Amino acid sequence: MIYKFYRQRIFPHLLNQVMQTASLMDKRRELLLPVAGEVLEIGFGTGLNLPFYQQVDTLYALEPNPDIYRLAAQRVHEAPFEVQHIQASAEKLPFASASLNHIVSTWTLCSIANLEQALAEIYRVLKPGGRLLVLEFSKPSSQMLSKFYDTYSFNFMPLMGKLITNDAESYR
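J.: Whenever I open this one, unusual backbone geometry confuses me. Can you help?
T.: Despite not being glycine, Ala-98 shows a phi value in the positive range, around 50°. Relative to the assigned elements, Ala-98 resides in the loop between strand E3 (82–86) and strand E4 (100–106). When its relative accessible area of 38% is taken as the criterion, Ala-98 is described as partly exposed. Positive phi outside glycine occurs at Trp-107, with the angle close to 55°. Considering the arrangement of structural elements, one finds Trp-107 in the loop between E4 and helix H5 (115–125). Given the relative accessible area of 12%, Trp-107 is considered buried.

J.: Help me out: how do you make sense of the sheet that holds strand E5 (residues 126–135) in this one?
T.: Two orientations exist for strands paired in a sheet by backbone hydrogen bonds: parallel and antiparallel. Strand order in this open sheet of five strands is E3-E2-E1-E4-E5, and the pairing throughout is parallel. Only two strands of the sheet have a single neighbouring strand rather than two, namely E3 and E5. Each neighbouring strand pair of the sheet contributes to a mean axis angle of 25°, computed without reference to strand direction. Helix-sheet contacts for helix H2 (residues 22–32) involve E4 and E5, and the interaxial angle to E5 is about 165°. Contacting strand E1 (36–42), E4 and E5, H5 crosses the sheet at an angle of about 135° to E5.

How each quantity is defined
Residues numbered from 1 in each chain as written. Predicted model: local features only at pLDDT ≥ 70, side-chain atom pairs only at ≥ 80, totals over all residues. Heavy atoms only, no water. Helix = DSSP H or I, 4+ residues; strand = E, 2+ residues; numbered from the N terminus. Buried < 20%, exposed > 50% of the residue type's maximum accessible area, 1.4 Å probe, protein only. Pairing = 2+ DSSP bridges. Axes fitted to C-alpha atoms, helices over the stretch in contact; angles between N-to-C directions. Contact = heavy atoms within 4.5 Å.

Below is the structure:
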């Protein structure tokens, strides 16, 4: 019950706010402006990347959480290209092999439970010469920040995952 309330009412709004910081939006712009044609975005979330797709014909918005996707409704409606919601997981992509030129993932790979399987699926659906474009968190180079990062990532986040979703492993 607590997890359902958190998943539906708190997490989508929290995620939407946190991921809109100016520095993250600048990184999105830099990565996505040259992307063109048909694109699969893994972890579409609330549609924060939409304004930066300038040459896209169709965007396949892979987002397994319908509560998060609902927050994208206005952005999807305003998009100057077709956006198709795909409610599926990255570990089992509903696309034919070698069918996509571009796959995008912005701050999502770190939250995929079976990353190896997801990467195998991405490789399977990318056309030869296709591109996987990724923005992801990485470990800080500063020793002091690195210790904080490790404590947060490997202790606090799994504990919160266990308390809220009863799944610590997906948060390691």
